[in-house]
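Chain and residue survey
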Amino acid sequence: MNTDDTRVTLAADGADPMALAGINEANFTELQRALGVRVSHRGDAVTMIGTVDQLTRATPVVQGLIDLARSGQAIESEDVFRIATEGHVGELGTPGDSGKILLPGRRRAIVAKTPGQREYLSVIAAHDIVIGIGPAGTGKTYLAVAKAVEALARKQVKRIVLARPAVEAGESLGFLPGDLQQKVDPYLRPLYDALEDMMPNDKVQKAIETRVIEIAPLAYMRGRTLSDAFIILDEAQNATGAQMKMLLTRLGVNSKVVVTGDKTQIDLPRREDSGLVQIERVLPGIEGIAFHYLTDADVVRHRLVKDIIRAYADDQAG
């Protein structure tokens, strides 16, 4: 301990020690990296050691993390880094707010971790068609799936329909082994993963078997009317304009559509063929339809993902 260092102790009674410190105290290591303070947790107290300036910045952050741990929320080192560096103390969600989703059978709530994510959930709740656009790692699909599962659990809808365009379906799919379902499953795997993180696996499988949940390539939506449904189109940047129009016009009574995509990852031969790019031009201004843009500030994966996204953006701008 340096002669300029001082010590501050905060009460942490009722806080889950593992949630607060993280695995192998990774959260405390992140606090030291971001704010320069050394943090330890003993009994019902958290002790911070650092300079007066460091402790002034760190105290509200650590108090916010203690409050989150008391509420039973999972706290990861990336959350700690974001809160410490961006100052969004408590942005992981508070009980009863629009940024928190409680699902049956899931021990921990799903929460919006940035202001942009919180607004995204509010927009989904308030509109029948929402277009969520943003880079990888911003939670645009994961949060949409969480809202769909919540709507199903509350009996606001009778089914969930998850769709993705299979960009390679025109040529490469035919050379893959297996039946049609086995061929397209690799394209749909991220949607299965999101569902299985929110529902017990046996319930997911039963819901799929009874068609309460349908996960299918976008082409399967043609000619249908989807009523009492929560519909999500993922990877929409790879849907053509015709496919996008086809999906949006499937909307039936008491249904909601969330379209998610990343305009920097268009795999179609020509960018202008993207239905996501087209609807940005065609649909703004229609009541009941909302566009929401997430940015690299909303990235909730490893902090390097945010830096990678910014580096690529800078390279393209240059």
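For clarity, every value in this text was computed on a predicted model and none was experimentally measured.

1. Things to note about the overall build of the protein
- For the protein, the count of helices and strands is 11 helices and 11 strands.
- The contacts of the protein with a sequence gap of at least 6 include a subset with a gap of at least 24, amounting to 68%.

2. Digging into the sheet that holds strand S1 (residues 6-11)
- Here three strands make up an open sheet; going across it, the order is S1-S3-S2 and the pairing antiparallel. Since the sheet does not close on itself, it has two edges, and those belong to S1 and strand S2 (38-42), each with one partner. Geometrically, the sheet is characterised by an average inter-axis angle of 20° between neighbouring strands, direction not taken into account.
- Here S1 runs beside strand S3 (residues 45-50); their pairing, made up of six bridges, is antiparallel. Across the sheet, valine 8 pairs through a bridge with methionine 48, a residue of S3.
- Of the strands in this sheet, S1 and S3 are in contact with helix H3 (residues 52-70), which crosses S1 at around 20°.

3. Description of the environment of lysine 155
- When you line up the elements, lysine 155 lands in the loop between helix H6 (140-153) and strand S7 (159-164).
- Residues lysine 155 and aspartate 228 lie 73 residues apart in sequence; the distance between their C-alpha atoms is 9.6 Å.

4. Here we look at the packing of helix H9 (residues 241-248) against helix H10 (residues 275-282)
- At a closest axis distance of 8 Å, the pairing of H9 and H10 adopts a crossing angle of 65°. The handedness of the crossing between H9 and H10 comes out as right-handed. Across the interface between the two elements, Gly241, Met244 and Leu248 of H9 pack against Gly275, Leu276, Gln278 and Ile279 of H10.
- Here the contact of H9 with H10 is composed, by residue class, of four nonpolar, three polar and no charged.

5. Focus on the sheet that holds S7
- Taken together, the six strands give an open sheet; going across it, the order is S8-S7-S9-S10-S6-S11, and neighbouring strands pair in parallel fashion. One side of each edge strand has no neighbouring strand; the edge strands of this open sheet are strand S8 (213-217) and strand S11 (289-293). For this sheet, the mean inter-axis angle between neighbouring strands, taken without regard to orientation, is 15°.
- Sheet topology places strand S6 (residues 129-133) next to S11; five bridges connect them, and they run parallel.

6. Structural notes on unusual backbone geometry
- Look at asparagine 24: it is not a glycine, yet its phi comes out positive at around 55°.
- With respect to the helices and strands, the residue asparagine 24 is situated in the loop between helix H1 (17-21) and helix H2 (26-35).
- We note that aspartate 228 has phi near 50°; this positive angle belongs to a residue other than glycine.

7. Section: H10
- Turning to H10, its buried residues are Gly275, Leu276, Val277 and Ile279.
- Buried positions along H10 lie against S6, H9, strand S10 (256-261) and S11.
- Between a side-chain oxygen at the N-terminus of H10 and the backbone nitrogen of leucine 276 the separation is 3.2 Å; the capping residue is serine 274.

8. Focus on the pattern of salt bridges
- All chains considered together, the criterion is met by 14 salt bridges.
- The partner of arginine 33 in a salt bridge is glutamate 30, and the shortest N-O contact between them spans 2.8 Å. Here the residue arginine 33 and the residue glutamate 30 both occupy positions in helix H2, the gap between them amounting to three residues, near one helical turn.
- The partner of arginine 164 in a salt bridge is glutamate 235, and the shortest N-O contact between them spans 3.3 Å. Here glutamate 235 lies in the loop between strand S9 (229-233) and H9 and arginine 164 lies in strand S7, a separation of 71 residues in the sequence.
- Classification of glutamate 235 as partly exposed rests on a relative accessible area of 26%.
- Within this structure, Asp13, Asp67 and Arg70 form a network of salt bridges that share partners.

9. Considering the pairing of S3
- Within S3, five of the six residues are buried, which leaves the element mostly enclosed by the surrounding structure.
- Alignment of S2 against S3, held across five bridges, turns out to be antiparallel. Bridging across to S3, arginine 38 finds its partner in isoleucine 49.
- Taking the residues that link successive antiparallel strands as the turn, the S2-S3 hairpin has two residues, and the phi of glycine 43 there is positive, at about 60°.

10. Remarks on the packing of helix H5 (residues 115-126) against H6
- Running from N to C, H5 and H6 cross one another at 40°; their axes reach a closest spacing of 11 Å. Compared by their axis directions, H5 and H6 come out oblique. Helix-helix and strand crossings are classified by hand; for H5 and H6 the assignment is right-handed. Residues Gln117, Tyr120, Leu121, Ile124 and Ala125 of H5 form the contact with H6, whose own contacting residues are Lys140, Leu143, Ala144 and Lys147.
- Along the lines of polarity and charge, the residues of the contact of H5 with H6 split into six nonpolar, one polar and two charged.

Criteria and cut-off values
- Residues numbered from 1 in each chain as written.
- Predicted model: local features only at pLDDT ≥ 70, side-chain atom pairs only at ≥ 80, totals over all residues.
- Heavy atoms only, no water.
- Helix = DSSP H or I, 4+ residues; strand = E, 2+ residues; numbered from the N terminus.
- Contact = heavy atoms within 4.5 Å.
- Pairing = 2+ DSSP bridges.
- Axes fitted to C-alpha atoms, helices over the stretch in contact; angles between N-to-C directions.
- Left-handed = near helix turned anticlockwise from the far one by under 90°.
- Nonpolar A, V, L, I, M, F, W, Y, C, P; charged D, E, K, R; others polar.
- Buried < 20%, exposed > 50% of the residue type's maximum accessible area, 1.4 Å probe, protein only.
- Polar contact = N/O pair within 3.5 Å; in protein donor to acceptor, adjacent residues only side chain to side chain.
- Salt bridge = Lys/Arg side-chain N within 4 Å of Asp/Glu carboxyl O.
- Parallel < 35°, antiparallel > 145°, perpendicular 65-115°, else oblique.

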